[in-house]
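Observations on the three-dimensional arrangement
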Amino acid sequence: MNYKISYLIHPDTISTLSIQEARDLTGLEIENVLQQLDAFDYQINGNQLCIPPIPIEKWLSKLLNIQSNKSEIILKTDDRQAMIYLMIYSQYRHFTVYHFQDLLDVSRGTIFNDIAELKEKISATGLDIKYDRIKGYHIVGRHNEVFKLAKNFISRLCYSDEGRYFLFYYIFSMNYTLYGQARDLLKKYIDDEGYRFVLSRTDEIVFLMILSKHMMKSYDFTPIDSFDKIKDLKIFKFCCNLLLNFYELEEISTYNTCIFTICVLTVLQGEIHEPAFDFLLYLSADIIHRVEQLLVVYFSDFKRLLFDFYNHLVPAFFRIKYDLEITNPAMATIYKKYDTLYKITAQAVQPLEQVTKKKTPENEIGYFTILFGGAMNSLGQKEETPANPRALIVCPNGVSSSLILESELKKTFPTITFTGADSFLELGNLSESSYDFIFSTVYLKHTKPVYLVNPIMTQQEKNHLIEKVRNDWKIDGYNFPSANEIIHAIMPYIHLKSGVTEEKLYGVIYHLIYDFNHQKNNDKRKPTHSFSKLITEDKFITLEKIDNWEDAITLASEPLLKNGSIEKRYVNAMIENVKAFGSYIYLGEGIAMPHARPSDGSHALDISILKIKVPIKLLENEEHQVDTFIILSTLNNQSHFELIEEINTIINDRKLLMRFKSINNYADLKQLLNEI
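These remarks concern the structure in this document.

Let's shift gears to the pattern of salt bridges. Throughout the structure, instances matching the rule amount to 31 salt bridges. The residue Lys 188 makes a salt bridge to Asp 192 at a minimum N-O spacing of 3.0 Å. One end of the pair is Lys 188 and the other is Asp 192, both in helix 9 (residues 178-193) and 4 residues apart, which spans about a single turn. Residue Lys 188 is classed as partly exposed on the basis of its relative accessible area of 47%. Its relative accessible area of 52% is what places Asp 192 among the exposed residues. Through salt bridges with shared partners, a single network forms among Glu 145, Lys 148, Asp 323 and Lys 358.

Next up, the structure:
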């Protein structure tokens, strides 16, 4: 259901208007309007539309495509408390306990408990909730904190179906047209200025505009550091004009606009042209280089990755700097599927933490990890030759999710030609003749077939998708028959025992296929060149001291030169890389891992270690005192991943690291590696 239909309906009275008025109010073709109004038993009398009263619950069931009544939708305690805070924050009326009960359908005692717990939670930010008979419930404290907490609560509620339902319910109880007016105005300004928002987060800004009306009109936010820089941005003027128009004001506080601009910056997507953000472009390059060095890979399409990462980093930077939350529903999958890459990414974002002066939240690291995961999955992939069928990827969850989904789908369906990952907002601009079907992470009504997918799929989800697409388009995913195909082939030749049905047989075969594919994928991940196999006694060197880090790299490389794994120019390249790019080889805890590109003279996957009793300074940096040099040579961008994973296992486990640091002979090293 299109939200613009809200312009035509009312919860309590019959709506009567002409067909032309309906078209003008919604901006939709009248056939589209009438098609959507079919759900509400409208009547046409000549040129007049007559629409019966549409209660909020009925309207939301169509708008949000849900079947449940409000009484059947239960909010978690934290979400219920967030909703109470936002109601008070909006100052739509003088709130009493009754108003909270009416919306949330809980007892008076539950509301009192929620308010008490909420007061305790927000007290850490210097905020409090008070009540008096004149004002009702109201929030006291620094307005920056009041606003920031409202933004975080909106973001949290938007990531659950139940939370979104109650946000919509509350806003439509205020006014049926308020949401449409805010969203249409925001879209107009976005289109006029050429900005792009992450579609799944656009509603966060719409809800914030609506619920912040009282705050924006009544208060000046306390100035905070860097606001002078915010008001110099082009997007500041965009936000100022948007708020003036929406709130029908002649002027608005600079500080209020700054804090709103920061929130808008956290949901931007696509190219961001602000000269003031150039430092974030350099920061992006630094982080990518660190990931390359820690993983010992070189991203072939560095320029694309740089701008993708930069466009993701800009909103992340403002979220981190100003403590604005983002939910990452894929974290459990990221920990499971990209554990090593997550840990490496966490190390690589240290330059960001130096700029923000804050620890990067796990959810943000997770999104960075997804982005790098997509780039890693693309390593070694060949460009597919044009062939039918052709698929379009629609992923409005942001650039990180788009990249990894595109990469996963290309690996899963190598015979499909993908036209690229496009946002939902761009879909209407593409010719339908350029693709045959769509993979989308959101529900989508379209004339072409649409396959709903998650940005990061489990093996079971992938199997279901493969079977569906193969059946529909007669193409291959994995070269393995589906459960249905196997049953169809064997049924003429078997007799089912009593109590065994085709459905049960299907379940058994399906799980066998799943287990086989899962085991096959696990087997692929088993190391073929482990640390313990590669490090032999002649490649483990101990020394009392050495003059400088260049000599240390040269000495540590000698075993690999002798056995032909590397050439002399590879040693020179490692040294020159440090001089050119800085101390990127430093892993922390006195460990450095010099390496260069395979094309610089590397002929085998190999490793050697030099341990020095007296540490030396890398590039004369007191903070980078090195006593262990691990020389790594590789054949390509992928052959050494298992080896890197083993090294990171040691570095990230405090007990293993301390044992590794204390080792001064090959026998002890071998014993440690065999235990991992």
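Those residues of helix 3 (residues 56-63) that fall on the buried side of the exposure criterion are Ile 56, Trp 59, Leu 60, Ser 61 and Leu 63. Those residues of helix 3 hidden inside the fold are in contact with helix 8 (161-174). Of the residues flanking the end of helix 3, it is Asn 65, one or two places downstream, whose phi is positive at about 60°.

A few words now on unusual backbone geometry. Phi at Asn 65 takes a positive value of approximately 60°, unusual for a residue other than glycine. With respect to the helices and strands, the residue Asn 65 is situated in the loop between helix 3 and helix 4 (77-90). Of the residues examined, Asn 65 reaches a relative accessible area of 53% and is grouped as exposed.

Turning our attention to the packing of helix 15 (residues 278-295) against helix 18 (residues 339-348). Orientation of helix 15 relative to helix 18, taken along the N-to-C sense of each, is 135°, at an axis distance of 9 Å. Classified by the angle their axes make, helix 15 and helix 18 are oblique. The handedness of the crossing between helix 15 and helix 18 comes out as right-handed. When helix 15 is examined against helix 18, the residues Ile 287, Arg 290, Val 291, Leu 294 and Leu 295 are found in contact with a partner set consisting of Leu 341, Ile 344, Gln 347 and Ala 348.

This part is about the sheet that holds strand 1 (residues 15-18). Remark on secondary structure: sheet strands pair via backbone hydrogen bonds, oriented parallel or antiparallel. Spatial ordering of the open sheet is given by 1-3-2, a layout of 3 strands whose pairing is antiparallel. The open sheet terminates on both sides in strands that have one partner only, identified here as strand 1 and strand 2 (43-45). Between one strand and the next, the sheet's axes are offset by a mean angle of 25°, whatever the strand orientation. With 3 bridges connecting them, strand 2 and strand 3 (residues 48-51) associate as antiparallel partners.

Once that is clear, we can look at the sheet that holds strand 10 (residues 540-543). The strand order 10-13-14-12-11 describes an open sheet built from 5 strands, whose pairing is mixed. Each of the sheet's edge strands pairs with one partner strand only, and the pair in question is strand 10 and strand 11 (586-588). Inspection of the sheet shows strand 12 (residues 591-592) paired to strand 14 (residues 621-633) by 2 bridges, in the parallel sense. Residue pairing in the sheet places Ala 592 in a bridge with Phe 629 of strand 14.

Across the interface, helix 27 (residues 549-562) lies against helix 28 (residues 568-581) with an axial gap of 10 Å and an inter-helix angle of 150°. The orientation of helix 27 relative to helix 28 falls into the category roughly antiparallel. Helix 28 is crossed by helix 27, and the crossing has right-handed handedness. In this structure, helix 27 uses Trp 549, Glu 550, Ile 553, Thr 554, Ser 557 and Leu 561 to contact helix 28, whose residues at the interface are Lys 568, Val 571, Met 574, Ile 575, Val 578 and Lys 579. Classifying every residue of the contact of helix 27 with helix 28 by side-chain character gives 7 nonpolar, 2 polar and 3 charged.

Applying the stated criterion across every chain yields a total of 34 aromatic pairs. With 5.2 Å between their ring centres and 75° between their planes, Tyr 335 and Tyr 342 make a pair best called edge-to-face. Take Tyr 335: its relative accessible area is 33%, and that puts it in the partly exposed class. Classification of Tyr 342 as buried rests on a relative accessible area of 10%. An angle of 85° between the planes, with centres 5.5 Å apart, marks the rings of Phe 437 and Tyr 451 as edge-to-face. In this pair, Phe 437 is assigned in strand 8 (residues 437-440) and Tyr 451 in strand 9 (residues 450-452), connecting sequence segments 14 residues apart.

Before going further, it helps to spend a moment on the pairing of strand 5 (residues 136-140). Of all 5 residues in strand 5, 4 are buried; the element is thus mostly enclosed. Relative to strand 5, strand 4 (residues 128-132) runs antiparallel, the two being bridged by 5 bridges. Opposite Asp 132, over in strand 5, you have Gly 136 as the bridge partner. Here strand 4 folds back onto strand 5 in antiparallel fashion, the turn holding 3 residues.

This part takes up the side chain of Thr 340. Note that Thr 340 resides in helix 18. With residues up to four places along the chain from it excluded, the contact list for Thr 340 reads Glu 645 and Asn 648.

In this structure, Leu 8, Trp 59, Met 83, Tyr 85, Phe 197, Phe 238 and Phe 260 are the most contacted members of the largest nonpolar core, which totals 172 residues. Counting 26 residues, the second largest nonpolar core, distinct from the first, contains Trp 549, Val 571, Tyr 586 and Ile 616.

Attention now moves to the side chain of Asn 577. Among the structural elements, Asn 577 can be located in helix 28. Accessibility expressed as a relative area gives 16% for Asn 577, which makes it buried. Once residues within four sequence positions are removed from consideration, Asn 577 is found in contact with Tyr 298, Gly 582, Tyr 584, His 595 and Ala 596.

Parameters and conventions
Residues numbered from 1 in each chain as written. Predicted model: local features only at pLDDT ≥ 70, side-chain atom pairs only at ≥ 80, totals over all residues. Heavy atoms only, no water. Salt bridge = Lys/Arg side-chain N within 4 Å of Asp/Glu carboxyl O. Helix = DSSP H or I, 4+ residues; strand = E, 2+ residues; numbered from the N terminus. Buried < 20%, exposed > 50% of the residue type's maximum accessible area, 1.4 Å probe, protein only. Contact = heavy atoms within 4.5 Å. Axes fitted to C-alpha atoms, helices over the stretch in contact; angles between N-to-C directions. Parallel < 35°, antiparallel > 145°, perpendicular 65-115°, else oblique. Left-handed = near helix turned anticlockwise from the far one by under 90°. Pairing = 2+ DSSP bridges. Nonpolar A, V, L, I, M, F, W, Y, C, P; charged D, E, K, R; others polar. Phe/Tyr/Trp six-rings, centres within 6.5 Å; stacked < 30°, edge-to-face > 60°. Core = buried A, V, L, I, M, F, W, Y, C linked by side-chain atoms within 4.5 Å.

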